[in-house]
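Residues per chain are reported as follows:
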Amino acid sequence: MARALRLAVRGQYTAHPNPMVGCVIVRGDEIVGEGWHEVAGEAHAEINALRAAGDRARGATAYVTLEPCAHQGKTPPCVRALIEAGLAEVVFALDDPFPDVDGRGEQALMAAGIAVRKGLMQESVAQLLAGYLSRTIHGRPLVRLKLASSLDGRIAMADGESQWITSPDARADVQRLRARAGAVMTGIGTVLADNPSLTVRADGIDTRGRQPLRVILDSRLRMPPSAGLLELPGTTLVYCSHDDNRQVLTDVGADVIRISGDAATVDLRQVLEDLARREVNDILVEAGPGLAGALMERKLVDELVIYQAPHIMGSETIGMFHTPTWTALADRQHVSVTDVRRVGEDIRITASVEQGS
């Protein structure tokens, strides 16, 4: 199963919106076939492993990271292929909560006389598929907030100057975060100040041409039609609460979505719910202190990724979060640090945000 998990990770840039899945077929002490879900819409991990195994799959055991599908989607059901291949046993780590699966794969295998075991390395697979599980079970994508700061937690000078706080190595690492995400989100303030691209642009990252959705929160549709990201490959979604000048942006290719909100904000929960309906599993937020703080105040951040550069920026600066509702020490948000490592000359801190605190 550990091997199947490593295989699953190979689909991190290309399997979206489907879950990353790996499969290893073992006969006796020999691996006779293995595969992973390489590209959404193409063969699933089990099919690729069965093709590699051929006739040696008969009487063998398949280790799969996720319950095999039992429904006809863009590809035929995997359980049918596993049954027809004559497997003796299927071991999978995690039940698939997708409504068209959700136990049906397990039931179909058992009805065909195939032994089934589940739960092996379940926590590791659940961690890998956290975004897919969030969308499927909770109806909203996993929200990963990325920040770049100095050691004293500052993200820009008082006049907004911020390029570049962190090193080229850290910026290259962010490209990998973007490539994994179903969407990259920012606020209109960042668009007006920095004219970002929000695209994946790095050698060595094979996304098969896929670009994450670009998501802009722009309550009053202030984004100029000349914004650079509107000229780039991929889709730009602009969420607003007032859309009087919608046509200006739709004429240059933006998809404008009106949802609840006021002149200053859009309803962040509604944005996340709409993105889930668009099959977005993970959102990478790259934003200033306004949007970052609003997401934190509303307890909508699941994970923080903070790149800290080895310098001090001092007092005439801007902090990471604008949180006007946090006025007492008791309002602080506790996080659990899950990883700390060097990225070039910078430090990358990854932390899960405890939603219950």
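Model, not experiment: these values are computed from the prediction.

Conventions adopted
Residues numbered from 1 in each chain as written. Predicted model: local features only at pLDDT ≥ 70, side-chain atom pairs only at ≥ 80, totals over all residues. Heavy atoms only, no water. Salt bridge = Lys/Arg side-chain N within 4 Å of Asp/Glu carboxyl O. Helix = DSSP H or I, 4+ residues; strand = E, 2+ residues; numbered from the N terminus. Core = buried A, V, L, I, M, F, W, Y, C linked by side-chain atoms within 4.5 Å. Buried < 20%, exposed > 50% of the residue type's maximum accessible area, 1.4 Å probe, protein only. Contact = heavy atoms within 4.5 Å. Pairing = 2+ DSSP bridges. Axes fitted to C-alpha atoms, helices over the stretch in contact; angles between N-to-C directions.

S.K.: Would you mind going over the pattern of salt bridges with me for this structure?
M.R.: Any two side chains of opposite charge can pair, given that their charged atoms come close. Evaluated as defined, the whole model comprises 19 salt bridges. R144 is the partner of E303 in a salt bridge, and the nearest nitrogen-oxygen pair spans 2.5 Å. Highlighted residues: E303 in strand β13 (residues 303-309) and R144 in strand β6 (residues 142-150), separated in sequence by 159 residues. Bridged by salt links that share partners, the residues D173, R176, D339, R341 and R348 form one connected network.

S.K.: Where do I start with the nonpolar core in this structure?
M.R.: Nonpolar side chains in soluble globular proteins generally cluster together in the buried interior. Ranked by size, the top nonpolar core spans 43 residues in total, and within it I25, L50, L87, V90 and L129 carry the most contacts. Among the secondary structure elements, those contributing two or more residues to this core are α1 (2-9), β1 (22-27), α2 (45-53), β3 (61-66), α3 (78-84), β4 (89-94) and α6 (130-138). Those residues in contact with V90, other than ones at most four positions away along the chain, are A62, V64, P68, L82, L109, I114, A115, V116 and R117. Within the second largest apolar cluster, 34 residues are counted, among which are I155, L295, M296 and V301.

S.K.: Where do I start with the sheet that holds β4 in this structure?
M.R.: Sheet architecture is open: five strands sit in the order β2-β1-β3-β4-β5, paired in mixed fashion. Two strands lie at the open edges of the sheet, namely β2 (30-36) and β5 (115-118), each paired on one side alone. Taking the axes of each pair of neighbouring strands and ignoring which way they run, one obtains an average angle of 15° across the sheet. Where helix α4 (residues 104-111) meets the sheet, it contacts β4 and β5, and its direction lies at approximately 150° from that of β5.

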